[in-house]
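# Fold and contact review
The primary structure of each chain is shown beneath.
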Amino acid sequence: MKKTDRFAVEIDGRAVEVSNIDKVLYPAAGFTKGEIIDYYTRISPALLPHLQDRALTRIRFPNGVDGGSFFEKNAPAGTPSWVRLETLPVPGSTKARETIDFVVVDDLSTLVWTANLAGLELHTPQWRVGHDPDLLVVDLDPGAPAGLVECSAVAMLMRDRLADDGVDAYPKTSGKKGMQLCCPISGTQSADVVSAYAKRVAEELAKRVPGSITAQMAKKLRPGKIFIDWSQNNAAKTTVAPYSLRAQPTPTVSTPLTWDEVERWATGAEPPRQFSPAEVLDRVDAHGDLLEPLLEPGPALP
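Attention here is on the structure that accompanies the text.

The rules behind the values
Residues numbered from 1 in each chain as written. Predicted model: local features only at pLDDT ≥ 70, side-chain atom pairs only at ≥ 80, totals over all residues. Heavy atoms only, no water. Helix = DSSP H or I, 4+ residues; strand = E, 2+ residues; numbered from the N terminus. Rg over C-alpha atoms; globule rule 2.2 N^0.38 Å. Buried < 20%, exposed > 50% of the residue type's maximum accessible area, 1.4 Å probe, protein only. Contact = heavy atoms within 4.5 Å. Lys, Arg positive; Asp, Glu negative; His and termini not counted. Charge placed at Lys NZ, Arg CZ, Asp CG, Glu CD. 1 Å grid on protein atoms, 1.4 Å probe; cavity = no way out; pocket = protein on both sides within 12 Å on 5 of 7 lines; lining within 4 Å. Points joined across faces, edges and corners; volume = space filled by probe spheres on them. Nonpolar A, V, L, I, M, F, W, Y, C, P; charged D, E, K, R; others polar. Phe/Tyr/Trp six-rings, centres within 6.5 Å; stacked < 30°, edge-to-face > 60°. Lys NZ or Arg CZ within 6 Å of the ring centre and 35° of its normal.

### Regarding the overall build of the protein
Counting its secondary structure elements, the protein contains 6 helices and 17 strands. Relative to the 2.2 N^0.38 estimate, which gives 19 Å for 302 residues, the radius of gyration of the protein is 19 Å and therefore close to what a compact globule would have. Principal axes of the C-alpha set define a box for the protein whose edges measure 65 × 45 × 35 Å. Here the protein holds 302 residues, and 51% of them are scored as buried. For the protein, contacts bridging at least 24 residues in sequence account for 68% of all contacts bridging at least 6. Side chains of the protein carry 33 positive and 39 negative charges; the gap between the two charge centres is 7 Å.

### Some points on empty space enclosed by the protein
Considering all chains together, one arrives at 3 cavities of 30 Å³ or more under this definition. Of the pockets and cavities examined, the largest cavity occupies roughly 140 Å³. Taken together, 15 residues form the lining of the largest cavity, with His 50, Arg 54, Thr 124, Leu 135 and Pro 242 sitting closest to its centre. Sorting the residues of the lining of the largest cavity by element identifies strand E10 (135–142) and strand E15 (239–240) as the ones contributing at least two each. Partitioning the lining of the largest cavity into residue classes produces 9 nonpolar, 4 polar and 2 charged. Taken together, Tyr 243, Thr 255, Pro 256, Val 280, Arg 283, Val 284, Gly 288 and Leu 290 make up the lining of the second largest cavity. Its residues assigned to classes, the lining of the second largest cavity comprises 5 nonpolar, 2 polar and 1 charged.

### Some words on the packing of aromatic side chains
Aromatic rings in a pair are described by how distant their centres are and how their planes are angled relative to each other. What the rule picks out here adds up to 3 aromatic pairs. A ring pair is formed by Tyr 26 and Phe 31, whose centres lie 5.8 Å apart and whose planes are at 80 degrees; its orientation type is edge-to-face. For Phe 31, a relative accessible area of 15% corresponds to the buried category. Considering the side-chain rings of Trp 265 and Phe 275, the 6.4 Å spacing of their centres and the 15 degrees angle between planes classify their relative orientation as stacked. Of the two residues, Trp 265 sits in helix H5 (residues 259–267) while Phe 275 sits in the loop between H5 and helix H6 (277–287), which places them 10 residues apart along the sequence. Classification of Trp 265 as buried rests on a relative accessible area of 0%. One Lys or Arg, Arg 159, reaches over the ring of Trp 259 and ends 4.7 Å from the middle of that ring.

### Some thoughts on the environment of Pro 251
Inspection of the secondary structure assignment puts Pro 251 in the loop between strand E16 (245–246) and strand E17 (252–253). In this structure Pro 251 comes out as buried when scored by relative accessible area, which is 9%. A sequence separation of 25 residues divides Pro 251 from Ser 276, and the C-alpha atoms of the two residues are 6.0 Å apart. Leave out the neighbours within four places in its chain, and Pro 251 touches Tyr 26, Ala 29, Phe 31, Leu 245, Phe 275, Ser 276 and Pro 277.

This is how it looks when you write it as structure tokens:
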């Protein structure tokens, strides 16, 4: 049997079909679909807890990162019966749909099925199905010529400001040009409350350091500054999941960081960088899941 044929692998007692595993999806690196499935399989012990009970949005690249892509929220035709689906409202849908059957990735078999469909990027909301948000996410988006060095400095300012309110922040790279801070919260407050709090803190820091930070979305205000995107906490928004691949020329990963690393990047003691799938697997072997604290409830926001 050729590797490019369709065949089934047994995972958790389920027959999961995989196909075309030699197909190159990252041409600049020669990184194949089989390697993508292998990465997601090996990282699954750290990744799956962050996907559990969250409605998943996939960004699929059936012809690789140099080809077209599309966001997929709904379950595609041919979804196996064992894939968990949750029918959820989608107010304001551009396709005039009131509800969507979302895929929820709670197990390795569903994760491999998703990877086989070239779902390279995995994005989740800040809430679990049936609950209010249990995460506050701060997206730090650099406007050129600002980059990860400046993101790191702003991340430390944001960390210290959130700590004043008893909120712990955990950093990760976006896998592209920016960073995110993820904060466990109580899960007892609405998305509107969480978003309003994030906006208030972002605007406070922008007033404190107006030359380096903006809390306004207008792109004309962003060059040379870090945009603190508080709107990520809107109930309809999603954020790339930790350990998700990103569609860059070569495969990069949204990678959890230590605060020591962030400080070294901010001070110039170490050049900031993105991380490859192999490096992320090594990091998890060495440090475990640096974002494990996100899996436990945090405080209510003031």
